[in-house]
Amino acid sequence: MIGMMVAALSLRACSDGPGSAVAFPPLAALLILPLLDVVTALGRRWLTGRSLFTPDRGHIHHRLKNRLGSTVAALGAAVGLATLGAVGAALAQAYGLGDRVAGLAVVLSVGLLVGTKTFGGSE
């Protein structure tokens, strides 16, 4: 779903003319979970002195599974957070509500993960 949304936004930006561009906050809202996971994984590895390409069990899906107890519950939580970002991005683009709605979706997604100490405590 995320890939299709990014592709659709890219096509829309290209078809609107040379001066148009997709606003950054809606795009960031769509990609908040993958971007958060990549940035924190690279930061975690760099700060501990490990190779950036070394695998670890600190990714969002591992943390959610450990916290919630099952793969199905972790998938449901990840889908819920991704949906929150996608809804914020869609509202910002469709209704012209501005970048604040998309930014709010990003803050809520990250805030829920960090506030529940599921992700970000050690980072």
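Residues numbered from 1 in each chain as written. Predicted model: local features only at pLDDT ≥ 70, side-chain atom pairs only at ≥ 80, totals over all residues. Heavy atoms only, no water.

### Regarding the pattern of salt bridges
Enumeration according to the criterion identifies three salt bridges in this entry. One salt bridge in this structure joins Asp56 and Arg50, with 3.6 Å as the shortest N-O distance. Using a relative accessible area of 15% as the deciding quantity, one classes Asp56 as buried. The class of Arg50 is partly exposed, set by a relative accessible area of 34%. Through salt bridges with shared partners, one network takes in Arg44, Arg45, Arg50 and Asp56. (Salt bridge = Lys/Arg side-chain N within 4 Å of Asp/Glu carboxyl O. Buried < 20%, exposed > 50% of the residue type's maximum accessible area, 1.4 Å probe, protein only.)

### Quick word on the confidence of the model for the protein
Fine structural detail should not be taken from predicted coordinates in areas where pLDDT scores are low. Here the protein averages 74 in pLDDT, and 70% of its residues register 70 or above. Averaged over each element, pLDDT in the protein is lowest for helix H2 (residues 24-30) (64) and highest for helix H4 (residues 60-68) (85). (pLDDT = per-residue confidence, 0-100. Helix = DSSP H or I, 4+ residues; strand = E, 2+ residues; numbered from the N terminus.)

### Section: the nonpolar core
The biggest cluster of nonpolar side chains holds nine residues, and these are Ile32, Leu33, Leu36, Ile60, Leu64, Ala74, Leu81, Val106 and Leu113. Per-element tally for this core: the top contributor is helix H3 (residues 32-47), with three residues. (Core = buried A, V, L, I, M, F, W, Y, C linked by side-chain atoms within 4.5 Å.)

### Some words on the side chain of Asp56
The residue Asp56 is located in the loop between H3 and H4 in this model. In terms of polar contacts, Asp56 uses its side chain to reach the side chain of Arg45, at 3.3 Å. Not counting the four nearest positions on each side in its chain, Asp56 is found in contact with Arg44, Arg45, Arg50 and His62. (Polar contact = N/O pair within 3.5 Å; in protein donor to acceptor, adjacent residues only side chain to side chain. Contact = heavy atoms within 4.5 Å.)

### Describing H4
For the α-helix, the turn length of 3.6 residues means that residues three or four positions removed from each other point alike. Those residues of H4 not exposed but buried are Ile60, His62 and Leu64. Phi turns positive, to about 95 degrees, at Gly69, one or two residues after H4.

### Some remarks on the packing of H4 against helix H5 (residues 71-94)
Packing of H4 against H5 brings their axes to within 8 Å, and their N-to-C directions diverge by 125 degrees. One finds that H4 runs oblique with respect to H5. The hand of the H4/H5 crossing is right-handed. Residues His61, Leu64, Lys65 and Leu68 of H4 touch H5, and the partners they reach there are Thr71, Ala73, Ala74, Ala77 and Ala78. (Axes fitted to C-alpha atoms, helices over the stretch in contact; angles between N-to-C directions. Parallel < 35°, antiparallel > 145°, perpendicular 65-115°, else oblique. Left-handed = near helix turned anticlockwise from the far one by under 90°.)

### Thoughts on the side chain of Asp37
Relative to the helices and strands, Asp37 is located in helix H3. It turns out Asp37 is buried and unbridged, and the closest side chain with the opposite charge, Arg44, is 5.4 Å from it. Here the side chain of Asp37 touches Ile60 through a polar contact of 3.2 Å, landing on its backbone nitrogen. (Lys, Arg positive; Asp, Glu negative; His and termini not counted.)

### Re H3
Counted at 1.5 Å a residue, the expected span for H3 with its 16 residues is 22 Å, and the 22 Å between its end C-alpha atoms agrees. Regarding H3, the residues found buried are Ile32, Leu33, Leu36, Asp37, Thr40, Ala41, Arg44 and Arg45. Just downstream of H3, Gly49 is the residue with a positive phi angle, here 80 degrees. (Expected span 1.5 Å × (residues − 1).)

### Focus on the environment of Met5
Its place among the elements puts Met5 in helix H1 (residues 2-15). In the structure, Met5 is positioned 84 residues away from Ala89 in sequence and 9.8 Å away in space, judged by C-alpha atoms.

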